[in-house]
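Chains, contacts and geometry: an overview
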Amino acid sequence: MSRGDTCIIRTMKSYQKLTTTVPQPAACWVEEEGAASTPTGRGKLAPWWVGSGLLVAAVLLSTLTVWVLQQVSGGWPGPTLPPKCLLVPESHRFDCYPERRVVVTQELCESRGCCFIESPPPAGGKRGVPWCFYPPDFPSYTLESLNQTALGMVGLLVRREKAYYPRDIEMLRLDVEFETDTRLHIKITDAANPRYEVPLEVPRAVKKAENPIYSLDFSREPFGVLLRRRATGTVLLNTTVAPLIFADQFLQIATSLPSRFLYGLGEHRGTFLHSLDWNTLTLWARDVSPTETFNLYGAHPFYLLMEEGGDAHGVFLLNSNAMEVALQPAPGLTWRTIGGVLDFYIFLGPDPNMVIQQYQQVIGFPAMPPLWALGFHLCRWGYGSSNETWQTARAMRNYQIPQDAQWNDIDYMDGYRDFTLDPQKFASLPSLVEDLHKHGQRYVMILDPGISSTNPRGSYWPFDEGLRRGLFLNTTQGQPLIGQVWPGFTAFADFSNPDTQQWWLENLQRFHAHVPFDGLWIDMNEPSNFMDGSEDGCPPGELDSPPYTPAVLGDSLSAKTVCASAKQKASVHYNLHNLYGLMEAKATASALIQIRGKRPFIISRSTFPSQGQYSGHWLGDNRSQWKDMYYSIPGLLSFSLFGIPLVGADICGFSGSTSEELCTRWMQLGAFYPFARNHNTQNEKAQDPTAFSPAARTAMKDVLLTRYSLLPFLYTLFHRAHLQGDTVARPLFFEFPRDVATLGLDRQFLWGRSLLVTPVLEPGVDSVTGYVPRGVWYNFYTGFSVNSSGEMMKMSAPLEHLNLHVREGAILPTQKPETTSEMTRRNPLRLIVALSQSGTAWGDLFWDDGESLDTFERGSYSYLVFNVTQNIFTSTVLHASTEATEVTIDTLSIFGVREPPSKVLLNGQERPFSLNNQVLTVSDLGVSLSQGFSLWWL
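1. Notes on the overall build of the protein
Secondary structure summary: the protein contains 17 helices and 52 strands in total. Taking 938 residues into account, the globule formula puts the C-alpha radius of gyration at 30 Å, and the protein, at 30 Å, falls close to it. The principal-axis extent of the C-alpha atoms belonging to the protein is close to 85 × 80 × 55 Å. By the burial criterion, 62% of the 938 residues in the protein qualify as buried. On the protein, roughly 33,600 Å² of surface is accessible, and the fraction owed to carbon and sulfur atoms is 52%. Distance from the positive charge centre (75 side chains) to the negative charge centre (92 side chains) of the protein: 3 Å.

Shown next as structure tokens:
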């Protein structure tokens, strides 16, 4: 048995808080509480048990004293409480009655065998300490057997007393696989009958990890998992804190957490760092304007947790059913889902960047976007006509404001029907698209999954053909489920059916022949429905009315979507709902590749883990308000954790009316969204850059030119995301994990490891206060340096200025910007070198044709590494392709040169240079990107 297999099986008569000092035995063993401990080499156990015993005795004694005093003083209402209930501190009370819209009484609570203690409700209608909670001896599963397997262990869990939800599963199978040294896989499922599992391709381990950085112990009764980090002894998971419940439609497992620094669990609107103050996060895809506390468009059952000391780990529950995650101040966490299995992956990092890479090794790395996807996109609902759309694109060109893509919302359609064109208002759309292509620009249009069902037979091919082939969601009666979306009554495409992908492709091919679009925007794919369920409601039954409904907006699974009982090819909608957007994105990416033969560009509203392989995401229907601009940053950073780096919010806000100041500040922030699109609703004044005063327009143009100058750097970051799962927009604590001041920061972010963005997020100010981590940071525009000890700094921020700082030791590849990415990529490069205090720097550049499929996999790319040591800059070409011969490196700007050099040599030849304010500039280098070179300054 290797070191990673250690497992202690303990029998405990009650749930205990376990300390982190349990020794690591070399094999599995069972210890009965109260029995003599195994003598060999277990001497260290005695102090642990004694310590725990003394702690429990002390708590028990003090609690009993309080209890007796309260009885004597008559201060306790109602019947006397059992001491075991008083023993549980408020923060450790795990909710036994999580149902909403129920007034939990003592009688209801005790009918479940739980403790009932009223506590004052918190202000503002929030949930507080549960009144009904599990006693320490609530019946759970027992670990009956545990056997070694080639990859780990297999165990049998038995429940002898039923819990309180119907169809308890009495025997469970436990599978543990030590997949890698940093990844553990724990799966709990029905031992006797197959259950629905998420149809996601995950890597299969072929051999057991040899030197895992974790150790795993088990408690036998009640069953529990104890996972520790070997290096520190930190307990990452302890599931003995509350009972495991595994009924057919209610699965619950809870754990203690080693700290309160928890992130992820999307999609929600809120701060990046979650509050653990009795906060419940629901995962059930829903069409609703982003609002705090609501379940939003996507479902991402993954969290990242920062431990004390700067280590990090992540936990992924591979489950697509309706779910909620309850956080509490213990700190603790409870997973509750209403179907499927408990299939956990734990990622041990130990660094937060590595956790996210390890997560993406399971769900898949994101696709490499085409270069034009990283340009500026412009859209609105309500252009009114193709000519009006065209006028906007022309106005942008007239003012020479960068723009790569022009979009249209549903107004291009005839009667809001997919794959149609309004013959009056959008007749010139094919000509507009041709004109965009002529100017090196692209066209993107919206598509919805609801297919109009009310047209005369034979007049609307998408519906007729979908019906003929049986490709729609069906009711329990086997008829197409009819809901209502923009075109009126609609059927919903079943993307879990492989035949639907072919039909979707054929529809797109037919439309592309008429309007040669370049990318697709897939909206309303939760799926959204203007009715609850269908035109006939939903049938009675336990799919639409389950024994337990998580805290979903609308209190029903069918609220503003289709019935959970709807039939799909792969399963019932009850299981597949959260996968709907992912399955549509997959079908759309496949179709775009077949139609265009180039990298697909797709932006989806609904998302699920692995979606980054197929699409990006925008953060939905936000509002033109300052707080919405702020909330976009936590949204951006959360989707970085979820493996969907191509993400942004509607710049300047979608609904409501923006102001010139708000839109200017938002364009500055939005220029640093990985996906940058300004989008507006109908019946609001225009908010594209050309709609504002000359001063605001210039500020917007300038920040877009800054973005375009950084495209080589941004494109390289996306390559690293595609290759190994690096984040693009990055939280500060990813780079400074031991700096606790960074753990709550979500008003700033980094691009990669080295470009710090500090936007203005409030009105009427000309300065901004931001955190500058320890080290030297250079002003991106001037090269001026600031040496920080890790502190908040006030920065000048007039309306035309966005604060950008380059981290010491970085080399950023930039390019002279033009108004499209296609024109920019032909221009000479300028390398910005930010010397560290020891005079070193490093950077890299990935370069290809910007749109072909699998360029890295096929070897059709160039990759360069830049290095500075001891006043020598070197550019090394590690891989070359023909594209690199067309571009030159023209300028080197070296920040932080303290001593004026006497001369500068390029490949041994002397070159002119200038030095101003410690910035050494060497111009007119004219070196081909395909050639390595060296530059000395002496």
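That was the structure; now back to the text.
2. With respect to the pattern of salt bridges
For the structure on display, the rule yields 45 salt bridges. For R269, the salt bridge goes to D628, with nearest N and O atoms at 2.9 Å. Taken together, the residues span a long stretch of sequence, with R269 in the loop between strand 14 (261-266) and strand 15 (279-283) and D628 in helix 11 (residues 626-641) at a distance of 359 residues. The partner of R605 in a salt bridge is D287, with the nearest N and O atoms 3.3 Å apart. Highlighted residues: R605 in the loop between strand 28 (602-604) and strand 29 (616-618) and D287 in the loop between strand 15 and strand 16 (300-306), separated in sequence by 318 residues. Among the residues examined, D287 registers a relative accessible area of 19% and is labelled buried. What you see here is one network of salt bridges that share partners, running through D287, D523, E526, R605 and D621.

3. Quick look at the pairing of strand 7 (residues 171-180)
Note: strand 6 (residues 152-159) against strand 7, seven bridges, orientation antiparallel. Residue L156 lies in a different strand from strand 7, and its bridge partner there is R173. Counted along the chain from strand 7 to the antiparallel partner strand 8 (residues 183-190), the turn is two residues long.

4. Let's talk about empty space enclosed by the protein
One pass over the structure, following the stated rule, counts three cavities of 30 Å³ or more. For the largest cavity, the calculated volume is near 140 Å³. Around the largest cavity, the lining is made up of 14 residues, and of these L237, T239, I253, T255 and F344 lie nearest the centre. For the lining of the largest cavity, the secondary-structure elements that each account for two or more residues are strand 8, strand 13 (250-256) and strand 20 (342-347). Counting residues per element, the lining of the largest cavity draws most heavily on strand 13, at three residues. Looking at side-chain class alone, the lining of the largest cavity contains 12 nonpolar, two polar and no charged residues. Residue assignment for the lining of the second largest cavity shows that the elements contributing at least two residues are helix 14 (711-724) and helix 16 (821-824).

5. Let's talk about helix 11
For helix 11, the tally of buried residues reaches 15 of 16 residues, placing the bulk of the element in the interior. Immediately beyond the C-terminal end of helix 11, within one or two residues, lies G643, with a positive phi of roughly 80 degrees.

6. Quick look at the side chain of S219
By the element assignment, S219 lies in strand 9 (residues 214-221). By relative accessible area, which is 1% here, S219 ends up buried. Here the side chain of S219 touches P222 through a polar contact of 2.5 Å, landing on its backbone oxygen.

7. Points about the layout of surface pockets
There is about 1,100 Å³ of room inside the largest pocket. As for the largest pocket, its lining consists of 47 residues, and the residues nearest its centre are N279, T280, E292, T293 and F294. Looking at the lining of the largest pocket, the elements with two or more residues in it are strand 14, strand 15 and helix 11. The element best represented in the lining of the largest pocket is helix 11, accounting for seven residues.

8. Let's talk about the sheet that holds strand 22 (residues 405-408)
Here nine strands make up an open sheet; going across it, the order is 30-29-28-27-23-22-21-32-31 and the pairing parallel. Each edge of the sheet is formed by a strand with only one pairing partner; in this case those strands are strand 30 (647-648) and strand 31 (650-651). For strand 27 (residues 519-522) and strand 28, the ladder comprises three bridges, and the chain directions are parallel. Opposite I522, over in strand 28, you have S604 as the bridge partner. Contacts from helix 10 (residues 580-596) reach strand 27 and strand 28, with the element oriented near 165 degrees to strand 27.

Calculation notes
- Residues numbered from 1 in each chain as written.
- Predicted model: local features only at pLDDT ≥ 70, side-chain atom pairs only at ≥ 80, totals over all residues.
- Heavy atoms only, no water.
- Helix = DSSP H or I, 4+ residues; strand = E, 2+ residues; numbered from the N terminus.
- Rg over C-alpha atoms; globule rule 2.2 N^0.38 Å.
- Buried < 20%, exposed > 50% of the residue type's maximum accessible area, 1.4 Å probe, protein only.
- Areas by Shrake-Rupley, 256 points an atom, 1.4 Å probe, with all protein chains shown as cover.
- Lys, Arg positive; Asp, Glu negative; His and termini not counted.
- Charge placed at Lys NZ, Arg CZ, Asp CG, Glu CD.
- Salt bridge = Lys/Arg side-chain N within 4 Å of Asp/Glu carboxyl O.
- Pairing = 2+ DSSP bridges.
- 1 Å grid on protein atoms, 1.4 Å probe; cavity = no way out; pocket = protein on both sides within 12 Å on 5 of 7 lines; lining within 4 Å.
- Points joined across faces, edges and corners; volume = space filled by probe spheres on them.
- Nonpolar A, V, L, I, M, F, W, Y, C, P; charged D, E, K, R; others polar.
- Polar contact = N/O pair within 3.5 Å; in protein donor to acceptor, adjacent residues only side chain to side chain.
- Contact = heavy atoms within 4.5 Å.
- Axes fitted to C-alpha atoms, helices over the stretch in contact; angles between N-to-C directions.

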